[in-house]
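A structural walkthrough
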Amino acid sequence: MPPSNSRPSTLHLPQGDWPTVLDCLCERFPAIDRATWLDRMARGRVLDADMQPIDAARPYRVGMRVHYFREVPNETPVPFEERILHVDEHLVVADKPHFLSVMPAGEYVNETLLARLSKRLGNADLVPIHRIDRLTAGLVLFSANRESRDAYQALFRERRIAKRYEAICPALPGLEFPLRRQLCMVPGEPFFLMREGDGEPNSETLIEVLERRDHLWRYALTPITGRKHQLRLHMATLGAGICNDPFYPQLLPRQERDQDDYSRPLKLLARGLRFRDPLSGEPREFESRLQLAW
């Protein structure tokens, strides 16, 4: 069976006419060959809703919940360490370095903040309450206790938590600060991008200047809303895209995006989190110990 700190992905089997679960998985994930699925099944790494192993003969049933453990051969190590800032019965707060994913995705399974913290703390119940991009560094808050998890997740759902970021971007001497940036954000092309659209604004960021150094400034960014790539698009549409951003204002060629240049991290840092604890009622505040290098 998988190690206790391993996390499965979940699939609800879609509508189809496959004779077995195996046939469905092979068609659903064409990049994984049949022999690999058979090997995973033989090692107990494909499970049903009751966390019991599924074998190659299990009949397909629409809507059936299947748990499977992702495996990436020769996973590339991320050569930066996370730092644990706080641990208690309910919460874990960590500083995530640039280039480390919060959750398993793409070519990363074990080289993720969740996997590293689960292993270090021996807690298979860790769940990130929010996420930041792989290329962004800084604070990530984890729930360490299933019983109190929803109370802390509600802080984000109900916007009762204040988030603060810092970014290094080109100077904007022609604008007055503080500045409230509002945009109508809509899905872009390719699918993973966002763009400015027509219509009523659905995103807002408070932008302040912390430090000026010639052609580059350090900005404080306070997201009032929390849309995908909000800070990156807001700064790019002002003419001050965040330094070393491979997406905005111009999407780099795929070959350049796929090869991480550790000497050129995205100059974006999740600096602070502030909220009133939903269990104790006490104010709580966490500050990243990382610094953006000019």
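Residues numbered from 1 in each chain as written. Predicted model: local features only at pLDDT ≥ 70, side-chain atom pairs only at ≥ 80, totals over all residues. Heavy atoms only, no water.

Bringing the pattern of salt bridges into the picture now. Inspection of every chain in the model, using the stated rule, returns 21 salt bridges. Its salt-bridge partner being Arg218, residue Glu166 comes within 3.0 Å of it at the nearest N-O pair. On the criterion of sequence distance, the pair formed by Glu166 in strand E8 (residues 161–170) and Arg218 in strand E13 (residues 216–223) is long-range, its members being 52 residues apart. We note that Glu166, like Arg218, is buried. Between Asp245 and Arg232 there is a salt bridge, and its shortest N-O distance comes to 2.7 Å. Here the residue Asp245 occupies a position in the loop between helix H5 (230–237) and helix H6 (254–258), and Arg232 occupies one in helix H5, the gap between them amounting to 13 residues. Note on accessibility: Asp245 and Arg232 belong to one class, buried. Each of Glu166, Glu211, Arg213, Arg218 and Arg271 takes part in a single network of salt bridges with overlapping partners. (Salt bridge = Lys/Arg side-chain N within 4 Å of Asp/Glu carboxyl O. Helix = DSSP H or I, 4+ residues; strand = E, 2+ residues; numbered from the N terminus. Buried < 20%, exposed > 50% of the residue type's maximum accessible area, 1.4 Å probe, protein only.)

Okay, the nonpolar core next. In terms of nonpolar packing, the biggest core is built from 34 residues, with Phe142, Tyr219, Leu221, Met235 and Leu268 touching the most fellow members. Residue assignment for this core shows that the elements contributing at least two residues are strand E5 (91–96), helix H3 (113–121), strand E7 (137–143), E8, strand E12 (203–213), E13, H5 and strand E14 (268–276). In contact with Leu221, other than residues within four places in its own chain, are Lys163, Arg164, Tyr165, Ala167, Thr205, Leu206, Ile207, Leu231, Met235 and Leu268. Trp18, Cys24, Met41 and Val66 belong to the second largest nonpolar core, which has 16 residues in total. (Core = buried A, V, L, I, M, F, W, Y, C linked by side-chain atoms within 4.5 Å. Contact = heavy atoms within 4.5 Å.)

The strands making up a sheet are joined through hydrogen bonds of the backbone, oriented either antiparallel or parallel. As summarised here, the arrangement of the three strands in space is E1-E3-E2, forming an open sheet in which the pairing is antiparallel. With partners counted over all chains shown, the strands left at the sheet margins are strand E1 (9–12) and strand E2 (46–47), one partner each. Relative to strand E3 (residues 65–68), E1 is paired through four bridges, and the arrangement is antiparallel. If you follow His12 over to E3, its bridge partner there is Arg65. (Pairing = 2+ DSSP bridges.)

Counting buried positions along E5 gives six out of six residues, so the element sits mostly inside the fold. What you see with E5 is no split at all: Leu91, Val93 and Asp95 on one side and Val92, Ala94 and Lys96 on the other are buried throughout. In terms of strand pairing, strand E4 (residues 83–87) meets E5 through four bridges, oriented antiparallel. Looking across to E5, one finds that His86 is bridged to Val93. In the sheet, E5 pairs with E7 via six bridges, with the strands oriented antiparallel. Across the sheet, residue Lys96 finds its bridge partner in E7, namely Gly138.

Okay, the domain arrangement of the chain next. With domains assigned, the chain is organised as domain 1 (9–68) and domain 2 (83–287). If you average the C-alpha positions of domain 1 and of domain 2, the two centres end up 34 Å apart. (Domains from an automatic or database assignment.)

Below, the discussion takes up empty space enclosed by the protein. Scanning the entire structure with this criterion turns up one cavity of 30 Å³ or more. Empty space within the largest cavity amounts to approximately 30 Å³. Looking at the lining of the largest cavity, its residues break down into four nonpolar, two polar and two charged. (1 Å grid on protein atoms, 1.4 Å probe; cavity = no way out; pocket = protein on both sides within 12 Å on 5 of 7 lines; lining within 4 Å. Points joined across faces, edges and corners; volume = space filled by probe spheres on them. Nonpolar A, V, L, I, M, F, W, Y, C, P; charged D, E, K, R; others polar.)

This next bit is on the packing of aromatic side chains. Inspection of the entire model under this criterion finds 14 aromatic pairs. Relative to Phe192, the ring of Phe191 has its centre 5.5 Å away and its plane inclined at 80 degrees; by these criteria the two rings are edge-to-face. Through a chain of ring-to-ring contacts, three or more aromatic side chains come together here, namely Phe191, Phe192, Phe247 and Tyr248. The residue whose ring lies beneath Arg40 is Trp37, and the NZ or CZ to ring-centre distance is 5.0 Å. (Phe/Tyr/Trp six-rings, centres within 6.5 Å; stacked < 30°, edge-to-face > 60°. Lys NZ or Arg CZ within 6 Å of the ring centre and 35° of its normal.)

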